[in-house]
Every structure is written in C-alpha cells, then in structure tokens.
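This is what each chain is made of:
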Amino acid sequence: MKAIKFLSMLAIAALTFNSCSNDDDAPDPVNEEEVITTVIVSLTPQGSGTAVTLTSRDLDGDGPNAPIVTVSGPLSVGTVYNGSIQFLNELENPAEDITEEVAEEDDEHQVFYSVTGGIGSITYTDSDGNGNPLGLAFTLSTSASATTGVMTVILRHEPNKNAAGVSDGDITNAGGETDIEVSFNVAVN
Amino acid sequence: MKYFYWVIAFFIIYYGQAQNCSYIFSGKVLDFHDGKAIEAATVYIKELNRFTVTNRDGDFKIDKLCTGEYTVIFTHIGCEDKEIKINLTSNLTQTVRLEHHIEDLNQISLTGKAPKQTRSGQETRISAETLESYSSLSLGDVLKEVSGVTSLNTGNTIVKPVINGMHSSRIIIMTNGVRLQDQEWGVEHAPNIDINNAGAVSVIKGSAALAFGGDAIGGVVNLKPFQFKKTDSIFGKTILSGQTNGRGGSLHTAITKTYQSGWYASLNGTLKNYGDFEAPDYVLSNTGMRSGALAFQTGYDTFEKGFDLSYNYIHNNIGILRASHIGNINDLVNSINSQQPLVINPFTRDINSPRQDVDHHLVKLSAFKRIKDFGKIMVQYDYQNNRRFEFDVRIGDNRNTPAVDLELKTHSVLAQVRKDINLDRIYTFGIMGRYQNNFANPDTGVRRLIPDYDKYDFGAFFTSEWKITNDFIIDAGLRYDFNRIDAQKFYRISRWNDLGYNEDFPEFVVNDTDFGTQMLTNPVFNYHNISAAIGLTYDLNDEHKLLTNLSMAMRPPNPAELFSEGLHHSAARIEIGDLRNDQETAYRWSGTYNYQNNQTNVVVEAFYNYINNYIVIEPTGTEQTIRGAFPVWQYRQTNAQLFGIDLSVTHEISERFSFSNKSSFIKGYETNNNRPLIDIPAVRTINSIEFNKTEWNNFSTALTSEYVFRQNEFPDNNFEQFIASEDRFVLVDVSTPPAAYHLLNWKASMDFKLSEKSILNVNLSVNNLLNENYRDYLNRLRYFADDLGRNVMLQLKINY
C-alpha cells in the first residue's frame, strides 16, 4: 500500500512539474541573421558606356532552390570598369545591407575575384586597416578582343591575408571559410 | 549535581524492576524468501555475551533473562546479519527472517563480482579500479576496454561509444538507474557523464536488457553507483591527474559517510582543464576543454527497504578544432588536400568558437521494499535538464550568440516488481512513463536544427529467469513501448514542397501564409514497438560455459532522422531528415563461449544482427546556394546486416607476467546490394603484456600495442565538384578511410602506504609512445587534422 501511495505521489509530482512547461503555444519563427541572400556586382565604365550589373539572389538560403543569377548585359572590350560589390539580406524588409558589417570587420574579410576565358584583369582599389586589400571596390580592365568566360566572386571570412599571393587576389593560400561563392557567365563584346 | 541525582534515581528504579530474571526469549529463524526454517543460525545477546543456535526447525530459546533492553544479533553463514532490539518485561517469542541468498541478490559483493543484468546476453564489466585510471578521460574512452566497443570521435574530447558498430540513438546509457536523455541523437553530442561518479560500468551488447528500454539495437552502457558497506565510517578519495598533451589535468575528490544502520551520504566533484591538444607535428588549435561535475547522493539501504536520492550536475565547455569549421565544399577540398589543418595557432588555453557549452542536471529519487515470501518492489522518479549551446564562427553582433540553443527536459517514472521467492524462477515486471519537452530557442538567429517537440513514452516489460538445473538457465523477456512525438516545426516552403510533403502530409500544415519563405507545421507521430529476448546459459563444466541469445528490438526514428533540415558546418553538407521514416526492427543472435581456468580466461563473442528499415544517411545530390555548392545527405531506410566476433583473452604466463588480447572484427552491409555500411569500425587488435611484483609496493607495469587496420569496406560517397574559379572538376574524397595505424602505450603503477588508513597510488603512463601520426576512420575531424601525439600522464590517487 505504501508503495502505491508513494507511486501516486510521484505521479502527482511529475504532473505538477509538467504543467510548468513554458511552450504550449506555437513557437516563434527564427529570423535568420547574417544571412546573405543577394550579391550585386556593379561595373561602371570609366568614361562613357553602359553599366553592367551581375546579380545572384537565393531567397530560400540553404533550401533546395538554386540562386537566380542574372547578368544585365555584355561588357565592352578594352574598357576599365569601376567595380563595387554589395551583400544584402532581402529576407528583411527593408533589405539589410551586410556589406556594412563586412566593411566594419575589414581585417577579417576579403573578396576574391577570378576570371576565366581571358575576360580581363582585376585590381583591388580598397584596403583594410592594416593596408591589406578588402575587395569591396576594384577595377576590371576588359580584354582587347571579344571573348566569353566566367567571373567568380568569393567572400572569405578570416583568410590569412599575409599568405603568399593573397594580397594580389590569389585565393590559393588564403584559407578561412567561404561565406559567398558565386559565378557569373560574362561576355565581352 | 541535580543531574547526577536523576541518574542515581534512574538506576534505582531500573534495578527495582530488574529483579525478575526468569524470562524466556524464544522464537524461530526463517528464510526471508521462502519461509523455510534456518538451521544452525546463531542468536547472540550482545549485552550478556550469551548465545544459542537454532535447531532443525529453526527454533531457539534463551532462558533466565532479566528485565531489560537487549540487542540480539542473528547470524548465519551466507546470510546478512540481522540485529534487533528487544525490551523484556515478560516472556517473548519472536520470528526473525534472515536473507539467505545474499550472494545472489545483492547488487555488488565485496569481491567486485556482480550478477549480470542479462543471463545470456553479452555483458562485460569494467571495475572501479579501471575506471579510476581513466579519471581524467571520458566515458567513451573507458568503454574501449571492452572488446567490440570503439568510439565515434569529434576530436578527442567528444567521444561517443560505438557498440558492435552502432552508436547514438541505438545505444542506451543508464546512469544510476536513469536513462540518460541528452540529445544523444547527435553524432557530435558526447554523453554528459562524469565517469568518476560510477562504481562500475557494464556494457551489454544488443537489446537483451529489456528492463532498460526496447530500442537498444546497439546495446546498453550501464553505469552503476557505488555500493557502500554498512559500517560506521567516513572515507574519501582524491585523484589528481596531469598530462603533457593539452597541458592540463583533472582533479576528482569524493567523500562518503556511511552508517551501520544503512544510512549513507556521499559528495563528489570533478574539475578538468585542458588547453589546446597537440598532434605530433602541430597544435590542434581550439581543442581545449573545461569541465566541472558535482554529485550528491544520500539514502538508506538495508536488505528489506531503502531509498536513494541523488543529484548530478555536469558542465562541459568544449572547443572544436578551428580548422573544421568550413564554409563550403571548396573549403573541404582544400582541407582534405592540405594534409594539415588550415588554421594552426600557437598553444592557448582559450576556447573560442566553434565550441559547445552543455549543462546537464539529473535528479533521481528511488525507493524499494522487499516483501517477505514474495520479492522486491521498486519505484523511481527522475528529472533531467539538458541545456546545449553550440557557438559557431559568426560575424558582427552575433559573435557571442549561440547558433544552437536547445533545452531538453525529461521526467520519468518507473515502477518495478521482482518476484524472487524462488531463486530458480525469477520474474520481473515493470512499467515506465516519460514526458519530454524540447525547446529550441529562436533567439539564435539561425534556423532550428531540431524543432520544439513534446514526446510521450510509455513502456511495460516482463522478464523471467528459469534455472532448469544448476548448469542450465533460460531467460526470456517481452517489452512493449509506445512513443508519441508532437513537434512544431518551421519548414522552408521550398523544402517542404521539394520533399513532396505538400502531397503526403498536408494535415500537418498549421500556417503557410504568415511567415514569408517559411511555414509552420505540426507533425505528430505515434509508434508502437515490441521487443523480445530469449536466451540460455549452459555450463558444460567448471571451465567451459556457453551462452546464446536471440533478441528483437524496435527503435523509432529520432528527431534528427525525422526533422533535420539544414547546413552542417563541419561536414559541409546539407542534412535532411524524412518524415516518412519508420521504425527500425533489429533481429540479433549472439553466442558466447567462455573458457576459464586458474591461468587463462577466454571469451569469444559472436553476433549476427539483421535490421529491417535501418536508417542511414547518404548523399543524394548537390544543391547550389549562394555560399557555393553543397552535397545533400538524406536519411533513408534500407535493410542491413552486421556481424562480427569479439575476442578477449587474458593469460597468466607466470606469477609475474601476464598477457592479454582484445580483438574485434565486424562487417556491415546493406542486404539488397551488399553495399558496405558507413562508419563501421575497422578490425583492431590490442595486445598487452604486464609485469606485477606485489612486494615492490604493489608494482605493476604494462606495455600495450594497439593495431587498427585500415577499413577496406566503405560506401563510396565521393563526388566531383566543379571549381568555377579554376574552371575544372575536382574529386571530393569524403569516403576513403585513413591508413592503418599502430600505437604503443606504456604504464606503471605503485602503491605507497601513507598511514594506517590512507594509500597513495602513483600511476605513470605514456600514450602514443612513439609519437605516431595517425588518423582514425571514426574521428569526424579526420579530414582536417591528425589525431593526438604523445601524451605523458601522471596520476596520484589517495584513499583515506
């Protein structure tokens, strides 16, 4: 009998504890932070000409849908473009500009640009507090003759900026972890 | 002075009453279990130094007793002594019941040999002494003492036991009679256990131990509490360890007070502090750990009744190799190709992101009573609170915000009846109820890895043991479990539709309009599980013994297997659960042969495990995200078979030298296409030679060789990845196991008597003596770094 009493006491105790549970209601959704949904590369020709915008947008993040990549038009041969890059979180309204955070922590970030098909060459035009390149601003000098190729943009977090070649934009020895990697098919006419 | 007169007065009254010295104290001594008379039991009156012995019918009689209070002690060979107080004012007749089968029933006798949980299962015990030598390490490390048990590591501080190729949700960990509930589904979630808190550990392979749960397809690890002697005593133990690798150590101290009456109280604590560990050639940056554990236990324990109240707390702050936190598949390729971690910093004690910070609280109250001519009943309540934070490498204001923040609360009640009036026919019946609540904090700013859920479990089991002859025992059991999981999860709408859930589970949708790209769902699943076991034990003679067991077990899918949906950073892969996953059903045969004589002990354990609907995770394709491409790993179900042999030999070559071998061999395949299963431990053999000389302060030294073969059978999950910046495809080799390796370990130990009651034990050991570079197939960080280099450890243990 004692045992039964004891058992029922335990059961009551358990129920009492349970009734204190704090989340019978529906949970709150998680608003993803520091997520980059959108990368916009703006290329403005020095002098006259048409600006070119490269955009990659992936609103479902790690979801199954692939990013939507658009290129506004071809680049012109033998032209120097002033380039800039923007990272946005468009899940927020208005869109959150992550570029600012990257710029604030400039010593921990670097944007790497690489091209195939001889589209042109890229030169950094900005630097972090230590005088190492950051890559939010750059120039692109396109090839003298028409060609097509791929321009890849990689944002690395905590790269080793002092490793060989890194300050020239060579990612090989950079290390760190990739926050963004986007490729654009680009034509030069 | 007044007081003195009172005492005098008391004595006068006392003597006044004590004039009559012709009383008789008589009675019967019976067996507690079956009520049979006990012959030749001694009945001893302490105050008078008089005794008598029971006759054939258990009767006794002591005459010519004066009025007064006496202490009578009943003793009999093989029985627990019983002490009663009597107050004689007239003739007194009393029946006393002694427990006659103390050796059979007591949990642990002083020789350290305890009865097993299962008669015919494959159960191996690790003694307290062995546990102490692992004081500074983890449960997963200790269990490797058992042949057939390996570990799944994330670095060297997150160590999960693997029993015959299975881990995580397929293993039950019992601590002090409580089933550990600590998000054990995660491969990077080590059991929250301080091994210093266990008096003994046993490993039961397979699901034969039905009393603990029906879903232990892999096995059960049972940590038993210390059993205290019923004497008036206070004693303590302190273990201090220091080691070169990690440049840290641990301190454990325990103090216990026991009473002859059966009361006890014990308090113990453990602190660990390590900086970065080191591989032979480099520092493993950000692999330090801090750990603190506290345990308090009190209770009352006699043969007839008792209770136990205990509280355990453990906190772990564990750094995870910095180089293992990677952004995308190209980073993984770079890591694999680089041969050494991409981040190597100078040694530090600091622990930065990525890291885990876990708190686990456990409170238990249990009570038992033995009922004469019947058996024992036991009730128990326990509460566990597990809080897990995982900090990723993040930027900006989120730097110190955890990426994972889970709180798991579990209440369990348990009642058990054991009928052992007849030790040749033992029956146990038990019921269990459990409520669990998981809360995933949305403040992390990272989508939940595991959703909020409520889980309800109910279980009932029946086990029995029949002794047919002294050499032949049959045991059998049956268990039913009901599980209900009621989750509230936000899915990405794109993922929900991509997985076809919009067609299969429209009833789970709660709200798909108000949360942008996400939707709220309420998946509810009920599972009915049946498990059963039957086995027999046959002693051919004193030296040869055979055991065999057949068991069936069902395991419902765990939260990760159902609900996972997201990017796994250290693996650079997207992991996706499946709501369609159903229970696994395992059918396991095991056979054990044991040979034992004065010099040699051989145990050969064989098993075959067929698992229907075995849940595996495997790559199914690649998904493109803005971070780059990721392979997608999805949980799916298949039929699998695992089989193997574990061998354990000890042999005394001479009085001084002994040899031991532990080897295990295991294979695992999917049955329909013979594809090898992933993460099956490679064949290994551990040989040790030991020298003992008791005269030299109990000196012993041992040299151990551990050879682990290369795993040649593995599923090929390699894939080609296009590297756009280099305009070429590269092969991503995530499958190929690392090479075989051979480690040498050496240890020596001596005892020094400090005083009458205190002994100092000094233990010096060197692991990886030759500073070998190696990587283990079952270490999840093997893509990034070598395993530990040489480690010299000094341990001082004082018993007082």
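Keep in mind it's a predicted model, so treat the numbers as computed, not measured.

## Here's the deal with the overall build of chain A
Here's step 1: Helices and strands together make up the secondary structure of chain A, namely two helices and 10 strands.
Here's step 2: Tracing chain A from N to C terminus, the helices and strands come up as α-β-β-β-β-β-α-β-β-β-β-β.
Here's step 3: Buried residues in chain A amount to 36% of all 189 residues.
Here's step 4: Relative to all contacts within chain A whose residues are 6 or more apart in sequence, the contacts with residues 24 or more apart total 61%.

## Remarks on unusual backbone geometry
Here's step 1: A cis amide bond links Asn93 of chain A with the next residue in sequence, Pro94 of chain A, at an omega value of 0°.
Here's step 2: Turning to its location among the elements, Pro94 of chain A is positioned in the loop between β4 (80-89) and β5 (96-97).
Here's step 3: Omega for the peptide link from Ser353 of chain B to Pro354 of chain B comes to -5°, which places this bond in the cis form.
Here's step 4: Within the secondary structure layout, Pro354 of chain B lies in the loop between α5 (329-338) and β22 (355-371).
Here's step 5: You will see that Ala40 of chain B, though not glycine, has its phi angle at about 65°, which is positive.
Here's step 6: The topology assignment puts Ala40 of chain B in the loop between β1 (23-31) and β2 (42-45).

## Describing the sheet that holds strand β9 (residues 147-157) of chain A
All names here are of chain A.
Here's step 1: Strand order in this open sheet of three strands is β6-β9-β10, and the pairing throughout is antiparallel. Taken across any chain shown, the strands that pair with only one partner, and hence form the sheet edges, are β6 (109-115) and β10 (177-188). Geometrically, the sheet is characterised by an average inter-axis angle of 15° between neighbouring strands, direction not taken into account.
Here's step 2: Pairing of β6 with β9, which is carried by seven bridges, proceeds in the antiparallel orientation. Residue pairing for β9: His109 is matched across the bridge by His157.

## Description of the sheet that holds strand β3 (residues 50-53) of chain B
Residues and elements named next belong to chain B.
Here's step 1: Across the sheet, four strands lie side by side as β3-β2-β5-β6; this open sheet has antiparallel pairing. Either end of the sheet is taken by a strand with one partner, and the two such strands are β3 and β6 (82-88). Direction aside, neighbouring strands of the sheet carry axes that sit 25° apart on average.
Here's step 2: Two strands pair when backbone bridges link them, and strand β5 (residues 68-75) and β6 are joined in this way by seven bridges, in the antiparallel orientation. Looking at β6, one finds that Phe74 is bridged to Lys82.

## A closer look at the UniProt feature "domain: TonB-dependent receptor plug" (unreviewed entry) in chain B
Here's step 1: Taken from the UniProt record, the annotation "domain: TonB-dependent receptor plug" (unreviewed entry) applies to residues 119-220 of chain B.
Here's step 2: Note that residues 119-220 of chain B is 11% helix and 31% strand, and that its end C-alpha atoms are spaced 14 Å apart.

## Points about the environment of Gln488 of chain B
Here's step 1: Locating Gln488 of chain B in the fold gives a position in strand β27 (residues 472-492).
Here's step 2: Each C-alpha atom of the pair Gln488 of chain B and Leu267 of chain B lies 40 Å from the other, and the pair is 221 residues apart in sequence.
Here's step 3: Once you skip the residues sitting within four places of it in the chain, Gln488 of chain B turns out to touch Ala26 and Pro27 of chain A together with Pro451, Asp452, Leu520 and Asn522 of chain B.

## Observations regarding the domain arrangement of chain B
Residues and elements named next belong to chain B.
Here's step 1: Looking at chain B, the domain boundaries give domain 1 (2-100) and domain 2 (222-799).
Here's step 2: Taking only C-alpha atoms into account, the centre of domain 1 sits 54 Å from that of domain 2.
Here's step 3: In this assembly, seven residues from domain 1 lie in contact with six residues from domain 2.
Here's step 4: Per-class residue counts for the side of domain 1 that touches domain 2 are one nonpolar, two polar and four charged.

## Digging into the environment of Val510 of chain B
Residue and element names in this part refer to chain B.
Here's step 1: By secondary structure assignment, the location of Val510 is in strand β28 (residues 509-515).
Here's step 2: The class for Val510 is exposed, based on 12 C-beta atoms found within 10 Å.
Here's step 3: Spatially, the C-alpha atom of Val510 lies 9.1 Å from that of Gln488, the residues being 22 residues apart in sequence.
Here's step 4: Those residues in contact with Val510 that sit more than four places away from it in its chain are Leu520, Thr521 and Asn522.

## Regarding the confidence of the model for chain A
Here's step 1: Considering every residue of chain A, the mean pLDDT works out to 86; 87% of them sit at 70 or more.
Here's step 2: Contacts from residues 19-23 of chain A, a stretch scored under 50 in pLDDT, to residues over four places away or in other chains number three contacts.

## Quick look at the confidence of the model for chain B
Here's step 1: Scored by pLDDT, chain B comes out at a mean of 89, with 95% of its residues at no less than 70.
Here's step 2: The low-confidence segment residues 9-18 of chain B, where pLDDT is below 50, has four contacts with residues more than four positions distant or belonging to other chains.

## Here's the deal with the environment of Phe699 of chain B
Residues and elements named next belong to chain B.
Here's step 1: Here Phe699 lies in strand β39 (residues 699-708).
Here's step 2: Using a count of 14 C-beta atoms within 10 Å as the deciding quantity, one classes Phe699 as partly exposed.
Here's step 3: Along the sequence, Phe699 and Val734 sit 35 residues apart, while their C-alpha atoms lie 47 Å from each other.

## Examining α5 of chain B
Here's step 1: Looking only at α5 of chain B, the buried set comprises Ile329, Asn330, Asp331, Leu332, Val333 and Ser335 of chain B.
Here's step 2: Where α5 of chain B is buried, its residues contact β10 of chain A together with β36 (628-652), β40 (719-723) and β41 (728-732) of chain B.
Here's step 3: Positive phi appears at Gln339 of chain B, one or two residues downstream of α5 of chain B, with a value of about 70°.

## Digging into the pairing of strand β30 (residues 524-539) of chain B
Residue and element names in this part refer to chain B.
Here's step 1: Two elements, β27 and β30, share 15 bridges in a ladder whose sense is antiparallel. Across the sheet, Arg479 pairs through a bridge with Ser531, a residue of β30.
Here's step 2: With eight bridges joining them, β30 and strand β31 (residues 544-555) adopt antiparallel strand pairing. Looking at the pairing, Tyr538 lines up with Leu546 of β31.
Here's step 3: Following β30, the chain reverses through four residues before pairing antiparallel with β31.

Scoring rules and cut-offs
- Residues numbered from 1 in each chain as written.
- Chains lettered and ligands numbered in written order.
- Predicted model: local features only at pLDDT ≥ 70, side-chain atom pairs only at ≥ 80, totals over all residues.
- Helix = DSSP H or I, 4+ residues; strand = E, 2+ residues; numbered from the N terminus.
- Buried ≥ 20, exposed ≤ 12 C-beta atoms within 10 Å, placed from the backbone.
- Contact = placed C-beta atoms within 7 Å.
- Pairing = 2+ DSSP bridges.
- Axes fitted to C-alpha atoms, helices over the stretch in contact; angles between N-to-C directions.
- UniProt positions renumbered as here; feature names shortened; annotations may be inferred.
- Domains from an automatic or database assignment.
- Nonpolar A, V, L, I, M, F, W, Y, C, P; charged D, E, K, R; others polar.
- pLDDT = per-residue confidence, 0-100.

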